[in-house]
Amino acid sequence: RQAIEELQRAKSSVRKEASDTDRERVAQELEELKRQKTELAMEERKIAQEKAELALLNQRRKDDLLELEALRRQREELEFLEMKAKKEEEDAMRAKEEKERRRVRMEEDRIRRALEAEAQKSQESSERERKFRQAEVEQLKRQIGKQQIQEEG
């Protein structure tokens, strides 16, 4: 009987030791799981932070692309306005040159008309003078003719 009791005590002690060993092993596994859980939580926070940074970078990239597109449109509009201003300037210069050519032509026409009028007056004056001299010559011829008739007669 004593041997049975001792055997039961030993069995109970072995169970208790086994159970202590199991508890210790389970506690270690539990500690390891807690440590892994903490590491996972830290890793998840790190991933979430990186994800947030990536989202921020993507948003900045989108903003930069929008700004770049706006700048491109502004550049195109500026180039268009510069081209338009240059064309308007060229048109204004051509119009000014044409106006100057018309003014010069009008001045040349006025001078030509004045010269033609002067030439016409000069020609008319010369014609009058020629007729006057011709009349004088005719009168002298008649006087000479009369004198010759008187001298002969």
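Residues numbered from 1 in each chain as written. Predicted model: local features only at pLDDT ≥ 70, side-chain atom pairs only at ≥ 80, totals over all residues. Heavy atoms only, no water.

Visitor: Would you take a moment to explain the pattern of salt bridges for this structure?
Guide: Pairs may arise between side chains of opposite charge once their charged atoms sit close together. Here the structure, examined in full by the defined rule, presents 17 salt bridges. For D91, the salt bridge goes to R94, with nearest N and O atoms at 2.4 Å. Of this pair, D91 and R94 both sit in helix α1 (residues 2-152), 3 residues apart, which is roughly one turn of the helix. A relative accessible area of 29% places D91 in the partly exposed class. Of the residues examined, R94 reaches a relative accessible area of 46% and is grouped as partly exposed. One salt bridge in this structure joins R101 and E98, with 2.9 Å as the shortest N-O distance. Of the two residues, R101 and E98 both sit in helix α1, 3 residues apart, roughly one turn of that helix. (Salt bridge = Lys/Arg side-chain N within 4 Å of Asp/Glu carboxyl O. Helix = DSSP H or I, 4+ residues; strand = E, 2+ residues; numbered from the N terminus. Buried < 20%, exposed > 50% of the residue type's maximum accessible area, 1.4 Å probe, protein only.)

Visitor: What is the right way to read a negative patch on the surface from this model?
Guide: A cluster of acidic side chains, namely E43, E44, E50 and E53, defines a negative patch on the protein surface. You can see E53 is positioned in helix α1. A residue is classified by how much of its surface remains accessible, and E53, at 43% relative accessible area, is partly exposed. (Patch = residues over 30% accessible without salt bridge, like charges linked within 9 Å, V, L, I, M, F, W, Y side chains within 5 Å. Areas by Shrake-Rupley, 256 points an atom, 1.4 Å probe, with all protein chains shown as cover. Lys, Arg positive; Asp, Glu negative; His and termini not counted. Charge placed at Lys NZ, Arg CZ, Asp CG, Glu CD.)

Visitor: Quick question: what am I supposed to make of the environment of R72 here?
Guide: Within the secondary structure, R72 is located in helix α1. Within polar-contact distance, the side chain of R72 engages the side chain of E76 at 2.4 Å. (Polar contact = N/O pair within 3.5 Å; in protein donor to acceptor, adjacent residues only side chain to side chain.)

Visitor: Would you explain a nonpolar patch on the surface in this entry?
Guide: A cluster of nonpolar side chains, namely F80, L81 and M83, defines an oily patch on the protein surface of about 320 Å² accessible area. Within the secondary structure, L81 sits in helix α1. Take L81: its relative accessible area is 43%, and that puts it in the partly exposed class.

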